[in-house]
Amino acid sequence: MFKFKKASAAVASALLAFAALVPSTAFAAGGGSADAGPVEYPVGLPTKVAGSAYTASVGDDLSYDITMYYVDSDFGTNNTVPGRKDNTRMFVDVYWSDQKPDYGDFTEQNPVEDAHHKKVAHRIYDMAPLVAPAVQKDMDDNYYNGPYSSYYQEHYTPEEFRGTSAPNVTFTAFGPNGMPTKNGVKPTLKADKPGYYTAVVTQDLPSNWKDRSSTVVKDYCDASDPAGHTSYNSWNATIEVK
């Protein structure tokens, strides 16, 4: 989706001038897309997983902050392809290992459980309830307030601005301050032995997700095509327990 950047009035003005050169029929209501037809490939949703601390002690509660960058305001309701919607359900798995992950290949698959690796947590979170509040905060911070609010209000209706919003969305998995899961549970995760505890986010995707317009999770450090999950080898996703 074509997004107006909110960096400066000069950038916005240049984009507005470009838009004036494009036939109005090329844009959907709200000025959001310059595509002539539906996008038939996955759109990357860069996602960062960060442990609440780099190190912890046995018996501590562990938690992870998960940030998804540039989330479209219509994430979860996108109907670019008829009958198709983005899946907002995310699996958060935590793996224990007695070996530090090899921080190199961001596309490596999750580890197979063996004597050195064990899955110690699996929870399901829903991103859908977080999108609207993040978009509203973007509206409050930039459209109704902020240094360029008068420009935006002069050139965009609230609905148009909202349609171009792409805020970052963050939630905490596990821990006493964590977000409830899809089932309303607030799980905790205690470090019961020394080792490395790494969280991985995997999007619940249908088998044909590569063939349709989808917003798909990818590791924020990985420049390749969307993979549907973050990387086990992302260093900030690991908490070392001593």
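All figures in this text were calculated on a predicted structure; none of them were measured in a lab.

## Some points on the nonpolar core
Formed by 33 residues in total, the largest nonpolar core has its most connected members in L62, Y64 and F174. Within the residue set of this core, elements represented by two or more residues are β1 (43-51), β3 (64-68), β4 (89-97), β5 (117-126), α2 (128-143), β6 (169-173), β7 (195-203) and β9 (238-241). In terms of residue count, β4 provides more of this core than any other element does, four residues in total. Counting residues in each nonpolar core, the second largest holds six residues, with M139, Y143, Y156 and F161 among its members.

## Focus: the pattern of salt bridges
Between side chains of opposite charge, a pair can form when the charged atoms approach closely. With the rule as written, the count across this model stands at five salt bridges. Here R89 and D204 are joined by a salt bridge, their closest N and O atoms 2.4 Å apart. You can see R89 sitting in strand β4 and its partner D204 sitting in the loop between β7 and β8 (215-219), a full 115 residues away along the chain. Exposure remark for R89: the relative accessible area of 28% places this residue in the partly exposed category. Here D204 falls in the buried class, since its relative accessible area comes to 18%. The shortest N-O distance in the salt bridge between D93 and K119 comes to 4.0 Å. On the criterion of sequence distance, the pair formed by D93 in strand β4 and K119 in strand β5 is long-range, its members being 26 residues apart. The exposure class assigned to D93 is buried, which follows from its relative accessible area of 5%.

## What to know about the side chain of D126
Its location among the elements puts D126 in strand β5. Residue D126 is classed as buried on the basis of its relative accessible area of 18%. Separated by 3.2 Å, the side chain of D126 and the backbone nitrogen of A128 make a polar contact. Ignoring any residue separated from it by four or fewer positions in sequence, one finds D126 in contact with T88, R89, M179 and K182.

## Let's talk about the environment of D192
Note on placement: D192 falls in the loop between β6 and β7. Judged by its relative accessible area of 60%, D192 falls in the exposed class. The spacing of D192 and V120 is 72 residues in sequence and 10.0 Å in space, taken between C-alpha atoms. Those residues in contact with D192, other than ones at most four positions away along the chain, are V58 and Y197.

What counts and how
Residues numbered from 1 in each chain as written. Predicted model: local features only at pLDDT ≥ 70, side-chain atom pairs only at ≥ 80, totals over all residues. Heavy atoms only, no water. Core = buried A, V, L, I, M, F, W, Y, C linked by side-chain atoms within 4.5 Å. Buried < 20%, exposed > 50% of the residue type's maximum accessible area, 1.4 Å probe, protein only. Helix = DSSP H or I, 4+ residues; strand = E, 2+ residues; numbered from the N terminus. Salt bridge = Lys/Arg side-chain N within 4 Å of Asp/Glu carboxyl O. Polar contact = N/O pair within 3.5 Å; in protein donor to acceptor, adjacent residues only side chain to side chain. Contact = heavy atoms within 4.5 Å.

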